[in-house]
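Structural description and commentary
As a plain string of letters, each chain reads:
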Amino acid sequence: MRLLHTSDWHLGRSFHRVGLLDAQAAFLDHLVATVHAYEVDAVLVAGDVYDRAVPSLPAVELFDTALHRLAEAGVPTVMISGNHDSARRLGVGAGLMERAGIHLRTDPAGIGTPVVLTDTHGDVALYGLPYLEPALVRERLGAEKAGHEAVLAAAMGRVRADLADRPAGTRSVVLAHAFVAGGAPSDSERDITVGGVAAVPTAIFDGVDYVALGHLHGSQTVTPRVRYSGSPLAYSFSEADHRKTMWLVDLGPSNPDGATVAAERLDCPVPRPLARLRGRLDDLLADPAHARHEQSWVEATLTDPVRPAEPMARLTARFPHTLNLVFDPERTGDDPGASYAQRLRDRTDQQIAEDFVAHVRGGSALDGAERTVLHGAFDDVRIDTAEREVGR
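Residues numbered from 1 in each chain as written. Predicted model: local features only at pLDDT ≥ 70, side-chain atom pairs only at ≥ 80, totals over all residues. Heavy atoms only, no water.

With that settled, consider the UniProt feature "domain: Calcineurin-like phosphoesterase" (unreviewed entry) in the protein chain. UniProt records the feature "domain: Calcineurin-like phosphoesterase" (unreviewed entry) for residues 1-218 in the present numbering. Secondary structure over residues 1-218 splits into 31% helix and 23% strand, and the C-alpha atoms at its two ends are 25 Å apart. (UniProt positions renumbered as here; feature names shortened; annotations may be inferred. Helix = DSSP H or I, 4+ residues; strand = E, 2+ residues; numbered from the N terminus.)

A separate point is the nonpolar core. A general tendency of soluble globular proteins is for nonpolar side chains to be buried together. Membership of the largest hydrophobic core comes to 33 residues, with the highest contact counts inside it found for Leu129, Leu132, Leu141, Met156, Val174, Phe205 and Leu213. For this core, the secondary-structure elements that each account for two or more residues are β8 (122-129), α5 (134-141), α6 (148-164), β9 (171-177), β10 (179-180), β12 (210-214) and β14 (226-228). Per element, the largest residue contribution to this core is eight residues, and it comes from α6. Beyond its immediate chain neighbours, meaning those up to four positions away, Met156 contacts Leu129, Val174, Ile204, Phe205 and Val208. (Core = buried A, V, L, I, M, F, W, Y, C linked by side-chain atoms within 4.5 Å. Buried < 20%, exposed > 50% of the residue type's maximum accessible area, 1.4 Å probe, protein only. Contact = heavy atoms within 4.5 Å.)

So, on to α5. Restricting attention to buried positions, one finds in α5 the residues Pro134, Val137 and Leu141. The buried residues of α5 all sit within an arc of 90 degrees when viewed along its axis, so they share a single face. Where α5 is buried, its residues touch α6. Just past α5, the residue Gly142 takes up positive phi, approximately 70 degrees. (Arc of directions from axis to C-beta.)

Here we come to the pairing of strand β15 (residues 245-251). Most of β15 is tucked away, with six of its seven residues classed as buried. For strand β1 (residues 2-6) and β15, the ladder comprises four bridges, and the chain directions are antiparallel. Directly across from His5, in β15, lies its bridge partner Trp247. Across seven bridges, β15 lies against strand β16 (residues 261-267) in antiparallel orientation. What sits directly across from Leu251, in β16, is Val261. (Pairing = 2+ DSSP bridges.)

In the contact formed by helix α1 (residues 21-37) and helix α2 (residues 57-72), the axes pass within 11 Å of each other and the chain directions differ by 10 degrees. Considered as vectors, α1 and α2 are oriented roughly parallel to each other. Here Leu21, Gln24, Ala25, Leu28, Asp29, Val32 and Val35 of α1 come into contact with α2, specifically with Pro58, Ala59, Leu62, Ala66, Arg69 and Leu70. Here the residues of the contact of α1 with α2 are counted per class, giving ten nonpolar, one polar and two charged. (Axes fitted to C-alpha atoms, helices over the stretch in contact; angles between N-to-C directions. Parallel < 35°, antiparallel > 145°, perpendicular 65-115°, else oblique. Nonpolar A, V, L, I, M, F, W, Y, C, P; charged D, E, K, R; others polar.)

Before going further, it helps to examine the sheet that holds strand β17 (residues 274-279). Read from one edge of the open sheet, three strands run β17-β18-β19, paired in parallel fashion. Sheet topology places β17 and β19 (322-327) at the edges, where each strand pairs with a single neighbour. Strand-to-strand, the axes of this sheet are offset by a mean angle of 15 degrees, without reference to chain direction. Two strands pair when backbone bridges link them, and strand β18 (residues 297-302) and β19 are joined in this way by five bridges, in the parallel orientation. Bridging across to β19, Glu299 finds its partner in Asn324. Taken strand by strand, helix α8 (residues 311-318) contacts β18 and β19, and its axis lies near 135 degrees from that of β19.

Structure, rendered in structure tokens:
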């Protein structure tokens, strides 16, 4: 069975104030064309269909058009909600869409009910695990703790229970939206840390023939059976080196070690390449090596000791699509003149808050109990935000 694995469309998102709706429409054109060209048997969309819980009307219209085209192609589509989506909004009309071959899995209650497809080797059970906010689903799933690992383990328990009642040789595919240990994040994913822990172990998915992951925006192979498709477009300059692709997965017959899996990366259209340039302004403007970036979206980090005059105007004369300007003067790391952004670089919200508390207390660091309280405060804010989005 041939599967096309994609995720993290983030319909409606912009890139440094540049609208991406046309680029997203071009990707969806490419997706439908790929379905036809490669004779795909099913499309898997592993969450974050939209960028916001309440998406814009143009984003909804684009999504609606994509669903109609996939339904017209006669190719089943299995889709889950991600942490950016409103599960309730995305799931509206799911029962009706099912009749057209569009299978929306947004309700945790349906985790143990797969979409079953059949090929010459028998049945393939596809289980959709929507993004599971631990505090909101723990009781419903009977999880032992309110953490990502606990709720995903409970969800996979339901998957395995259903699979155990199916005919021998039934192959299994799971769609999930999570941060799995071993995956490499970028700057454009929303933090899903609970109690200081974001990642879950790969072993949670043991025994499944293929796991189609969403959430991390870089295409990557965690194990040969566990993969992230990544986002089809770059949503931050940290993705400048990403190759944006979908996974074309061929799921072979069942055997004692699990079904054979062959996966190939298929490139997505690139609306405009990204470039991160660093150096003194005059050097960036004169260096012939940068000619290949003159039509790229550019993030320029200027290292001039003194901020030059009109830097953006001068940069855009050569690089007209410069979108982000960063100042990082050539100074030593302990220079008191270092920018606030420099001091906070690569630090989590928790670490920044701990540093602040220590500062106002005259340098006294937090003890373990105080760190736990601070963890809880950040979790409460995140859970409150999730609950309000669910209720919108």
